[in-house]
Amino acid sequence: MTLDSSVMNVSIATVAEDVGTTVTGIQGAITAYTLVMAALMLTGAKIGAIIGRKRAFAIGCVIYGCGSFTTSIAPSLPVLLFGWSFLEGVGAALIMPAIVALVAGNFPTERRPAAYGLVAAAGAVAVAVGPLIGGFCTTYFSWRWVFAGEVVVVLGILLLTRRIADAPVEERPKLDVVGSVLSALGLGLVVFGVLRTSEWGWIQPKPDGPSWANLSPTVWLVLAGLFVIWVFFRWEHRREARGEEPLLRPDMLRNRQLSGGLTMFFFQFLVQAGIFFVVPLYLSVCLGLSALATGARLLPLSVTLLAAAIGIPRLLPTVSPRLIVRCGLLSLLAGTVVLLASLDTDTGPEIVFVPMLLVGLGIGALASQLGAVTVSAVPDEDSPEVGGVQNTMTNLGASLGTAIAGSLLIGALAVSFSSNIDHSSAIPARVKEQAQVEIAGGVPFISDADLQTALDEAGVSSRTTDAAVDAYSEARLDGLRAAQRIPETQPGGIKS
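Just so it is clear, the structure is predicted and the values come from calculations on it, not from any experiment.

Description of the overall build of the protein chain
Inference 1: In terms of helices and strands, the protein chain carries 19 helices and zero strands.
Inference 2: At 23 Å, the protein chain has a C-alpha radius of gyration in line with the 23 Å of a compact globule built from 496 residues.
Inference 3: Seen through its C-alpha atoms, the protein chain measures out along the principal axes to roughly 75 × 50 × 45 Å.
Inference 4: Looking at the 496 residues of the protein chain, the share that counts as buried comes to 53%.
Inference 5: By element, 65% of the accessible surface of the protein chain is carried by carbon and sulfur atoms, the whole surface being about 21,500 Å².
Inference 6: The protein chain carries 31 positive and 36 negative side-chain charges, and their two centres are separated by 10 Å.

Topic: a nonpolar patch on the surface
Inference 1: A grouping of Phe136, Tyr140, Phe141 and Trp145 is seen on the molecular surface, where their side chains present a nonpolar patch of about 530 Å² in accessible area.
Inference 2: Among the secondary structure elements, tyrosine 140 is positioned in helix H6 (residues 112–140).

Re unusual backbone geometry
Inference 1: Its identity is not glycine, yet alanine 213 carries a phi of approximately 55°, on the positive side.
Inference 2: On the accessibility criterion, alanine 213 (63% relative accessible area) is exposed.
Inference 3: Non-glycine residue asparagine 214 carries a positive phi angle of around 65°.
Inference 4: Of note, asparagine 214 is situated in the loop between helix H9 (197–200) and helix H10 (217–241).
Inference 5: When its relative accessible area of 63% is taken as the criterion, asparagine 214 is described as exposed.

Describing the pattern of salt bridges
Inference 1: Scanning the entire structure with this criterion turns up six salt bridges.
Inference 2: Close ionic contact of lysine 46 with glutamate 245 constitutes a salt bridge, the shortest N to O distance being 3.0 Å. With lysine 46 in helix H3 (residues 23–51) and glutamate 245 in the loop between H10 and helix H11 (256–286), this pair connects stretches of sequence that are 199 residues apart.
Inference 3: Given the relative accessible area of 7%, lysine 46 is considered buried.
Inference 4: Among the charged side chains, a network of salt bridges with common partners joins Asp176, Arg239, Arg242 and Glu244.

Some words on the environment of alanine 49
Inference 1: Within the secondary structure, alanine 49 is located in helix H3.
Inference 2: Under the relative-accessibility criterion, alanine 49 is labelled buried at 9%.
Inference 3: In this structure, the C-alpha to C-alpha distance between alanine 49 and valine 103, residues 54 residues apart in sequence, is 14 Å.

A short note on helix H13 (residues 299–315)
Inference 1: Taking 1.5 Å per residue, 17 residues should reach 24 Å; H13 reaches 23 Å between its end C-alpha atoms and fits that length.
Inference 2: The largest bend in H13 is about 25°, located at alanine 308.
Inference 3: Restricting attention to buried positions, one finds in H13 the residues Pro300, Leu301, Ser302, Thr304, Leu305, Ala308, Ala309, Gly311 and Ile312.

Let's talk about the environment of aspartate 251
Inference 1: By secondary structure assignment, the location of aspartate 251 is in the loop between H10 and H11.
Inference 2: Taking the relative accessible area as the measure of exposure, aspartate 251 reaches 33% and is therefore partly exposed.
Inference 3: Distance in space between the C-alpha atoms of aspartate 251 and valine 469 is 56 Å, their sequence separation being 218 residues.

As for the nonpolar core
Inference 1: Counting 75 residues, the largest nonpolar core has Ile26, Leu80, Phe277, Tyr282, Phe445 and Leu480 as the members making the most contacts within it.
Inference 2: Counting residues per element, this core draws most heavily on H11, at eleven residues.
Inference 3: In contact with leucine 80, other than residues within four places in its own chain, are Met8, Val15, Ile26, Ala29, Thr71, Ala74, Ser85 and Trp143.

Digging into empty space enclosed by the protein
Inference 1: The tally for this structure, following the rule as stated, stands at one cavity of 30 Å³ or more.
Inference 2: One number sums up the size of the largest cavity: a volume of about 30 Å³.
Inference 3: For the largest cavity, the full set of lining residues is Val278, Val279, Tyr282, Leu339, Leu343 and Leu480.
Inference 4: Taken together, the residues of the lining of the largest cavity break down into six nonpolar, no polar and no charged.

So, the confidence of the model for the protein chain
If pLDDT is low for a region, its predicted coordinates should not be looked at in detail.
Inference 1: The predicted model of the protein chain averages 81 in pLDDT, with 92% of residues at 70 or higher.
Inference 2: Of all the helices and strands in the protein chain, helix H17 (residues 429–440) carries the lowest mean pLDDT, 68, while helix H4 (residues 53–72) carries the highest, 94.
Inference 3: Every residue in residues 487–493 is under pLDDT 50, and counting partners more than four places away or in other chains gives 22 contacts.

Things to note about the environment of tryptophan 235
Inference 1: Tracing the backbone through its elements, the reader meets tryptophan 235 in helix H10.
Inference 2: A C-alpha to C-alpha distance of 43 Å links tryptophan 235 and phenylalanine 445, two positions 210 residues apart in sequence.
Inference 3: In this structure, tryptophan 235 is in contact with Asp176, Val178, Gly179 and Leu182, ignoring residues within four places of it in sequence.

Observations concerning the side chain of threonine 161
Inference 1: Relative to the helices and strands, threonine 161 is located in the loop between helix H7 (144–160) and helix H8 (177–195).
Inference 2: Exposure remark for threonine 161: the relative accessible area of 12% places this residue in the buried category.
Inference 3: A polar side-chain atom of threonine 161 sits 2.7 Å from the main-chain carbonyl oxygen of leucine 158.
Inference 4: Those residues in contact with threonine 161 that sit more than four places away from it in its chain are Lys54 and Phe57.

Parameters and conventions
Residues numbered from 1 in each chain as written. Predicted model: local features only at pLDDT ≥ 70, side-chain atom pairs only at ≥ 80, totals over all residues. Heavy atoms only, no water. Helix = DSSP H or I, 4+ residues; strand = E, 2+ residues; numbered from the N terminus. Rg over C-alpha atoms; globule rule 2.2 N^0.38 Å. Buried < 20%, exposed > 50% of the residue type's maximum accessible area, 1.4 Å probe, protein only. Areas by Shrake-Rupley, 256 points an atom, 1.4 Å probe, with all protein chains shown as cover. Lys, Arg positive; Asp, Glu negative; His and termini not counted. Charge placed at Lys NZ, Arg CZ, Asp CG, Glu CD. Patch = residues over 30% accessible without salt bridge, like charges linked within 9 Å, V, L, I, M, F, W, Y side chains within 5 Å. Salt bridge = Lys/Arg side-chain N within 4 Å of Asp/Glu carboxyl O. Expected span 1.5 Å × (residues − 1). Bend = angle between axes of the 7 residues up to and from the residue. Core = buried A, V, L, I, M, F, W, Y, C linked by side-chain atoms within 4.5 Å. Contact = heavy atoms within 4.5 Å. 1 Å grid on protein atoms, 1.4 Å probe; cavity = no way out; pocket = protein on both sides within 12 Å on 5 of 7 lines; lining within 4 Å. Points joined across faces, edges and corners; volume = space filled by probe spheres on them. Nonpolar A, V, L, I, M, F, W, Y, C, P; charged D, E, K, R; others polar. pLDDT = per-residue confidence, 0-100. Polar contact = N/O pair within 3.5 Å; in protein donor to acceptor, adjacent residues only side chain to side chain.

Structural data, given as structure tokens:
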């Protein structure tokens, strides 16, 4: 699952071209993938408790494998959305909560921390090798081979499930269907509203976009989503008061250690998803690097992430988790600031080296602590439910991180491109007026070569073309800088 996201990120431009869409279309697919997981994770955890964790894990693997196969042959964006974003998202929602319970059921108490650490390390390894595997396949074969290979991996896992002991469930609860619908609907409305801001606007509607009561639909969708989430929590309180099984026990979130860990998970993946979306775009589109070269430039992040995720628990077992989390946040912030300061029209791919080292170190430090913080905050019997909530927060953060980064990227690109064209003396007034009308409808994120080709085909003079390409290059960097300014937070509620 981690490999999936890293492959899609380093191959954004190639995948968009293959399925006949734009960078914004692939951004929507990435967001939808994590959104489906976030919306269904609590339901997946509860289904695992109803039908058995081992069975839920196996069914999830089958669904995930079908999604991988569909993605590998996807001829268009709708098929990609169905295979990758929907089927794989549904499969992951069954698999991930079950893993938490199966680890508890297959390992004695004293060995569980090491087992959970190995699961986290598997994700770190995938981050480390994912960009290189995805880049290699995309450059020399096709990105589709990665997803076809996943089908083989799924078959191997299914063959080995007989060696997994099921996690016993003393009492099989009933599924809270209303709660499942409310949680999925609320999260879906919020993320979908944010995702469409590049076309609709945040508050004021765009000139060619829809308007609801003189406001962008985004405002109403986000407000409606927040209201539905509030209704969801009221419904859960009511079910618990009546002695019925809730989808999520609200009192669990009053645990400061758990809520602090969940909050940090959310913001970690919010920032992480924005970085993983923007940096590959800079390397592949702005600088024209191949998918393999893009993956190689992300390798410093992978190395420090893996080193921190595995090394910190071994070398610093007695250090306060709060201190490590704060140091991880500081490193993540420092990497983002260095990257922002380095972006310029005449810079090369080498500028991402130091920022990637710092960002990887920060993410690895957070990954080494937050899983243990949340799982240890509750009794063992509640670990599957914590796994569902934890994965919901991580995928919700990833969804919003990608959606916000893409929205800021396209919005800042349009504003800056419009301003640069308006102030260019090399572009005739007639062309400026026409350009302003076109820009109002949205600006695609493309390379200089693609823009120059489009202008040449339109019969634009070479002088005007050169000026427009220069204006777009500067605007594109402004968009990338804006997309990197995703809020970060200080840790709270994590006990030392």
